[in-house]
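# Breakdown of the fold
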Amino acid sequence: MKFWNYFHHPKAALVLLRVSLALLMLLHGWAKIRYGIGSIEAKIAALGAPGFLAYGVYLGEVVAPLLLLVGLWVVPAALVIAANMVVAFVLVHTHQILMLNNSGGWALELQAFYFVSALVVAMTYSKGK
């Protein structure tokens, strides 16, 4: 069936995933810029770590997505986003690991999707190919 052949564009698909991940993650970063990171600092301090580590969220939710958007240091940027999602899971979402949301989906589906998307971008990016 020739119709499906029109949808085989792996390079375009990877660009679409990279740009989508970057834009969606930037929205989270914008919220941190706009409203601050006080709650993240408090959670980190509650774990006994220095509160200034909370500023790392800006790397994962602002700097790394901007790098993905412009296509610079794509693999390290994607790995920073993946690490950011692991930290978000540890700080905020561990109690939701076996929970479902109101519509029946996994409570952590968004976090998992960001994490897996970042890994796929990191694993498949090839400059100039």
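Residues numbered from 1 in each chain as written. Predicted model: local features only at pLDDT ≥ 70, side-chain atom pairs only at ≥ 80, totals over all residues. Heavy atoms only, no water.

### A word on helix α5 (residues 109-124)
The terminal C-alpha atoms of α5, which comprises 16 residues, lie 22 Å apart, in line with the 22 Å expected from a rise of 1.5 Å per residue. Turning to α5, its buried residues number three or more, namely Gln111, Tyr114, Ser117, Ala118, Val121 and Ala122. Looking down the long axis of α5, one finds its buried residues gathered within 135° of arc, a one-sided arrangement. Residues of α5 that are exposed and angled more than 90 degrees away from the buried face: Phe113 and Met123. Turning to α5, the residues buried within the fold contact α1 (10-35), α3 (56-70) and α4 (74-93). (Helix = DSSP H or I, 4+ residues; strand = E, 2+ residues; numbered from the N terminus. Expected span 1.5 Å × (residues − 1). Buried < 20%, exposed > 50% of the residue type's maximum accessible area, 1.4 Å probe, protein only. Arc of directions from axis to C-beta. Contact = heavy atoms within 4.5 Å.)

### Some points on the UniProt feature "transmembrane region" (unreviewed entry) in the chain
In the UniProt entry, the feature "transmembrane region" (unreviewed entry) is given for residues 12-30, 42-60, 66-92 and 104-125. Here residues 66-92 runs as 89% helix and 0% strand, with 24 Å between its end C-alpha atoms. The span residues 104-125 is 73% helix and 0% strand, and its two end C-alpha atoms sit 33 Å from each other. (UniProt positions renumbered as here; feature names shortened; annotations may be inferred.)

### Considering the environment of Ala46
With respect to the secondary-structure elements, Ala46 resides in helix α2 (residues 38-46). By relative accessible area, Ala46 is classed as exposed at 68%. Separated by 47 residues in the primary sequence, Ala46 and His93 place their C-alpha atoms 15 Å from one another.

### Section: the packing of aromatic side chains
Each aromatic ring pair is summarised here by two numbers: the centre-to-centre distance and the angle between the ring planes. This structure, assessed with the given rule, holds four aromatic pairs. Judged by centre distance (5.1 Å) and plane angle (75°), the rings of Phe3 and Trp4 are edge-to-face. Residue classification places Phe3 among the partly exposed positions, given a relative accessible area of 47%. Through pairs of rings, three or more aromatic residues link up here, namely Phe3, Trp4 and Phe7. (Phe/Tyr/Trp six-rings, centres within 6.5 Å; stacked < 30°, edge-to-face > 60°.)

### Describing the nonpolar core
Of all hydrophobic cores here, the largest spans 16 residues; its most connected members are Leu21, Leu68, Ile81 and Val121. Of all elements in the fold, only α1, α3, α4 and α5 reach the threshold of two or more residues within this core. With six residues, α4 is the largest single contributor of residues to this core. Residues contacting Leu68, with those up to four places away along its chain left out, are Arg18, Leu21, Ala22, Val74, Ala77, Ala78, Ile81 and Val121. (Core = buried A, V, L, I, M, F, W, Y, C linked by side-chain atoms within 4.5 Å.)

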